[in-house]
Amino acid sequence: MATGNPHKHREARIVLMGYGLDLRRLDVKRLEIQADTLEEVAAYSVEHLPEAEVRPVVVEDAGLFIHHLRGFPGPYSSYALRTIGLGGVLKLMRDVPNREATFRSVVALRWRGETRLFVGEVEGRIAEEIRGSRGFGYDPIFIPDEGDGRTFGEMDTREKNTLSHRARAFRRLALWLTSP
Ligand code: IMP
């Protein structure tokens, strides 16, 4: 898995371990383009990785789509986090009753000259304030609907993995890899 983010790698590796698959981290700077869909970003990145010529490689691109903001920050999630930060997002959502949001993950696998995409999503809502110090990125402000009201930032990796967009996408990848 080509990623500079060890949290992403840990989450994905735990999922694949459950299917008897090993996932190593390639700590390379992946080529990241700015595009309007996660699919384009993930596919472009994996197709421009020299490593993918010699072994199966995955790249994952994720984004938080806030319904009231018509899907912003979506594919611009890392830019939004670097610029306005969690505080800025909460400010945009101040006094907004509709707090629904979708976290999406697109995993692009490059193997034997072909690219395959696996998508995972989780529905949830934006918290009123920052809660929890676990995880990374938007975890402290995202409350998954199927959980018990805690943010991802208040869960350990295994709990987050029972619900997360990333775990769902990697489970789809694992099922595809292990199906006859
Ligand atoms: P990227 O996939 O690394 O481009 O992620 C886009 C932005 O969303 C980055 O700022 C990440 O920190 C954040 N992000 C990605 N996945 C997650 C997650 O599972 N939880 C919280 N934030 C995430």
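Read on for a plain summary of the structure.

Thresholds, definitions, all that
Residues numbered from 1 in each chain as written. Predicted model: local features only at pLDDT ≥ 70, side-chain atom pairs only at ≥ 80, totals over all residues. Heavy atoms only, no water. Core = buried A, V, L, I, M, F, W, Y, C linked by side-chain atoms within 4.5 Å. Buried < 20%, exposed > 50% of the residue type's maximum accessible area, 1.4 Å probe, protein only. Helix = DSSP H or I, 4+ residues; strand = E, 2+ residues; numbered from the N terminus. Contact = heavy atoms within 4.5 Å. Near = heavy atom within 4 Å. Polar contact = N/O pair within 3.5 Å; in protein donor to acceptor, adjacent residues only side chain to side chain. Areas by Shrake-Rupley, 256 points an atom, 1.4 Å probe, with all protein chains shown as cover. Nonpolar A, V, L, I, M, F, W, Y, C, P; charged D, E, K, R; others polar. Pairing = 2+ DSSP bridges. Expected span 1.5 Å × (residues − 1).

1. Structural notes on the nonpolar core
Among the nonpolar cores identified, the biggest contains 18 residues, and L64, I66, I126, Y138, I141 and F142 are the most heavily contacted of them. Secondary-structure elements contributing two or more residues to this core are β1 (57-66), α4 (85-92), β3 (100-111) and β4 (114-126). Looking at this core element by element, the count peaks at three residues for α4. In contact with F142, other than residues within four places in its own chain, are L64, A101, F103, V122, E123, G124, R125, R150, T151 and F152. One finds M1, V107, A169 and L173 within the second-largest nonpolar core, a separate group that totals 14 residues.

2. Points about the environment of T151
Positionally, T151 belongs in the loop between β5 (142-144) and α5 (157-163). Once the C-alpha coordinates of T151 and A127 are considered, the two residues, 24 residues apart in sequence, prove to be 7.5 Å apart. If sequence neighbours within four positions are ignored, T151 has contacts with A127, R131, D139, P140, F142 and I143.

3. Re the site of the ligand
Close contacts around the ligand come from 15 residues, with K8, A62, D139, K160 and R166 the closest. Between a nitrogen atom of the ligand and a main-chain N or O atom of Y138, the distance comes to 2.9 Å. Within the side chain of H165, an N or O atom sits 3.1 Å from an oxygen atom of the ligand. In isolation the ligand offers 480 Å² of accessible surface; the protein chains occlude 91% of this area. Of all the secondary structure elements, the ones that give two or more residues to the shell around the ligand are β1, α3 (77-83) and α6 (165-178). Residue composition of the shell around the ligand, grouped by class: five nonpolar, four polar and six charged.

4. Structural notes on the pairing of β1
For β1, a buried count of ten out of ten residues is recorded, marking the element as mostly surrounded by other parts of the structure. In terms of strand pairing, β1 meets β3 through ten bridges, oriented antiparallel. Along β3, the bridge assignment pairs L64 with F103. Looking at chain direction, β1 and strand β2 (residues 73-74) are connected through two bridges and run antiparallel. Pairing of F65 across the sheet is with P73, part of β2. In sequence, β1 turns back onto β2 through a hairpin of six residues, with R70 there showing a positive phi of about 55 degrees.

5. Describing helix α1 (residues 6-17)
The first and last C-alpha atoms of α1 sit 16 Å apart over twelve residues, in line with the 16 Å expected at 1.5 Å per residue. Those residues of α1 that sit buried are K8, H9, E11, A12, I14, V15 and L16. At its buried positions, α1 is contacted by β1, α5 and α6. Its side-chain oxygen 2.9 Å from the backbone nitrogen of H7, N5 forms the N-cap of α1.

The values are spatial; any link to function lies outside them.
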